[in-house]
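Now for the letters of each chain:
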Amino acid sequence: MLDRDGFRPNVGIILLDDDGQVFWAKRTRGSGWQFPQGGINNDETAEEAMFRELYEEIGLKPKHVDVLGCTPEWLHYQLPKKFKKKDSDPAFVGQKQVYYLLRLLEDESKVDFNCTTSPEFQCYRWVDFWYPAHNVIHFKRKVYQRALRHLAHLVKA
């Protein structure tokens, strides 16, 4: 489902540990690291999509996290042509995302990348809150910076 401007609705997940560090995951294909994210289906709200993606990508259920907040607006990025799939909709230009900030309530041993037949990630680490804003792939940097700025006040020092 694309909006009229060619952006696919999507959710991003910023998961915090007790030390205020964020979950940073390495994709199974390529060398990229990122926050978990995924598309919003036609029949679900952004929050429902976030919980579905949370489980599908990292094996966590709603009881494993506390939702601290989300970005107040869509954050957009355009996907460079070289990253578009050959069979993608020609109108597709990128993603518009709502980012959710979650606190992990359980031990990190609950993380499981094998909840689907095609895992998105192969490993993870905990990094400083601002680290992803400067280390994600170039075309997502401004979105990450905006999302983290919007949500930083919810992180207890």
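That block above? That's the structure.
Residues numbered from 1 in each chain as written. Predicted model: local features only at pLDDT ≥ 70, side-chain atom pairs only at ≥ 80, totals over all residues. Heavy atoms only, no water.

Enquirer: Before we move on, can you summarise the nonpolar core with the specific residues and values?
Expert: Counting residues in each nonpolar core, the largest one holds 22 residues, and the members touching the most others are Leu15, Phe23, Leu54, Ile58, Leu60 and Leu102. Only strand 1 (7-16), strand 2 (22-27), helix 1 (46-58), strand 7 (94-104) and strand 8 (121-127) provide two or more residues apiece to this core. In terms of residue count, the dominant contributor to this core is helix 1 (six residues). When neighbours within four sequence positions are excluded, leucine 54 is seen to be in contact with Ile13, Gly59, Leu60, Lys61, Val65 and Leu102. In this structure, Val22, Leu75, Ala133 and Tyr144 belong to the second largest nonpolar core, which totals 21 residues. (Core = buried A, V, L, I, M, F, W, Y, C linked by side-chain atoms within 4.5 Å. Buried < 20%, exposed > 50% of the residue type's maximum accessible area, 1.4 Å probe, protein only. Helix = DSSP H or I, 4+ residues; strand = E, 2+ residues; numbered from the N terminus. Contact = heavy atoms within 4.5 Å.)

Enquirer: Account for the state of the cysteines, naming residues and giving values.
Expert: Tallied over the full model, the rule gives zero disulfides. With no disulfide of its own, cysteine 123 lies 16 Å from the sulfur of cysteine 115, the closest cysteine sulfur. (Disulfide = S-S within 2.5 Å.)

Enquirer: Help me get a handle on helix 3 (residues 141-151), residues and values and all.
Expert: The complete set of buried residues in helix 3 reads Val143, Tyr144, Ala147, Leu148 and Leu151. Taken around the axis of helix 3, the buried residues stretch over an arc of 125°, which confines them to a single face. Residues of helix 3 that are exposed and angled more than 90 degrees away from the buried face: Lys142 and Arg149. (Arc of directions from axis to C-beta.)

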